[in-house]
Amino acid sequence: MGSVKSAVGHPVGAHVPVGGGLVRRGIPNALEFEVEALQVFIGSPRGWAPPRLDQAVADDFREQCAARGWPVYVHAAYLLNLASPVQETVNRSVENLRVAMASAERIGAAGVVVHAGSSIDGDRPAALKRLAPAFRAVLDDAPPSVRLLVEPTAGGANSMASTLASAGEYLQAVGLAEVGLCLDTCHLHAAGEHLADRDAFEASLEALSAAAGPGRIGLVHFNDSKDPRDSRRDRHEALGDGLLGDDGLRAVAASPALAGLPLIVETATQARDVAHAKRLVSEAASGRA
């Protein structure tokens, strides 16, 4: 792949496969994809078992990423749901996240991304009330260097946060200023946000800041979408090949409200799409977006 560098302000990277080992496989994959930032799983993404991490491996990975200037993020397991009406699910989610936060510190990660979850039964007001105690339990004695980032989903299955407005309401219910957001371009598109309408998008971001406070967005997942806007379907597509398209992606890269945030590609064509994202960021920085 070509070594197009992104413009200063948006480190561009990918979710890097680490099957076979964080160092043994993760570092070579990150180098192959020519990342400037990366996201990893440190446990099974589809199970409940808390992440396990060998200290020597953690130290080696942290040192290699730091030496290359790569910001690192951890994605938590998909099953976690801090809004669930089932207390056992909440308890297991809290415990898993507490371990993930501690493990993230060990590998030098800046943040842990967790999905916003679902009310399950459709009783959103009741689910919103469950958030504050669950998040307080996660962050009790959590490492201060690791930020917990909530990722709004595509809007289906009684999602607790999908649009920017619902994400603002979610953060208000959590009530903890240290909790931030990870925005996913595919999810926002699927939830009905019109990213290519720059005035509307910026207005929504301003409303989010007014509702939840400034500086709450800490990371962006930079993905195209296989489905039309407002589909409520979470299906990532290679950058430039989907129905969000370059216009929507450029608007995100050019947004003043998102300046400086890492952009993480979560597609199957990581090397190609990291290069594509770098070009979009460079266009945005040069005023050609």
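Look up: the structure comes first, before these words.
Summary of the structure given here. Quick caveat, the model's predicted, so the values are computed rather than measured.

1. Brief notes about the pattern of salt bridges
If the charged atoms of two oppositely charged side chains come close together, the side chains can form a pair.
So, step 1. With the rule as written, the count across this model stands at 11 salt bridges.
So, step 2. The partner of Arg232 in a salt bridge is Asp230, with the nearest N and O atoms 3.3 Å apart.
So, step 3. Take Arg232: its relative accessible area is 43%, and that puts it in the partly exposed class.
So, step 4. Salt bridges linked by common partners bring Asp227, Arg233 and Arg235 together as one network.

2. Topic: helix 7 (residues 198–212)
So, step 1. Along its 15 residues, helix 7 runs 21 Å from first to last C-alpha, staying within 8% of the 21 Å computed at 1.5 Å per residue.
So, step 2. Those residues of helix 7 hidden inside the fold are in contact with helix 5 (164–174), strand 6 (180–184), strand 7 (217–221) and helix 8 (245–254).

3. Section: the pairing of strand 4 (residues 111–115)
So, step 1. Of all five residues that make up strand 4, five are buried, and the element is covered over most of its length.
So, step 2. One ladder, built from three bridges, connects strand 3 (residues 72–75) with strand 4; its direction is parallel. Pairing of Val74 across the sheet is with Val112, part of strand 4.
So, step 3. Pairing geometry for strand 4 and strand 5 (residues 147–151), over five bridges, is parallel. Bridging across to strand 5, Val114 finds its partner in Val150.
So, step 4. Handedness of the crossover is the feature at issue here: the chain leaves strand 4, passes through helix 4 (residues 124–139), returns alongside strand 5, and the resulting connection is right-handed.

4. Here's the deal with the sheet that holds strand 7
So, step 1. Sheet architecture is closed into a barrel: eight strands sit in the order 1-2-3-4-5-6-7-10, paired in parallel fashion. Between one strand axis and the next, the sheet turns by 30° as a mean value, whatever way the strands run.
So, step 2. In the sheet, strand 2 (residues 38–40) pairs with strand 3 via three bridges, with the strands oriented parallel. By the bridge assignment, Leu38 is partnered in strand 3 with Val72.

Calculation criteria
- Residues numbered from 1 in each chain as written.
- Predicted model: local features only at pLDDT ≥ 70, side-chain atom pairs only at ≥ 80, totals over all residues.
- Heavy atoms only, no water.
- Salt bridge = Lys/Arg side-chain N within 4 Å of Asp/Glu carboxyl O.
- Buried < 20%, exposed > 50% of the residue type's maximum accessible area, 1.4 Å probe, protein only.
- Helix = DSSP H or I, 4+ residues; strand = E, 2+ residues; numbered from the N terminus.
- Expected span 1.5 Å × (residues − 1).
- Contact = heavy atoms within 4.5 Å.
- Pairing = 2+ DSSP bridges.
- Right-handed = clockwise from strand over helix to strand, strands pointing away.
- Axes fitted to C-alpha atoms, helices over the stretch in contact; angles between N-to-C directions.

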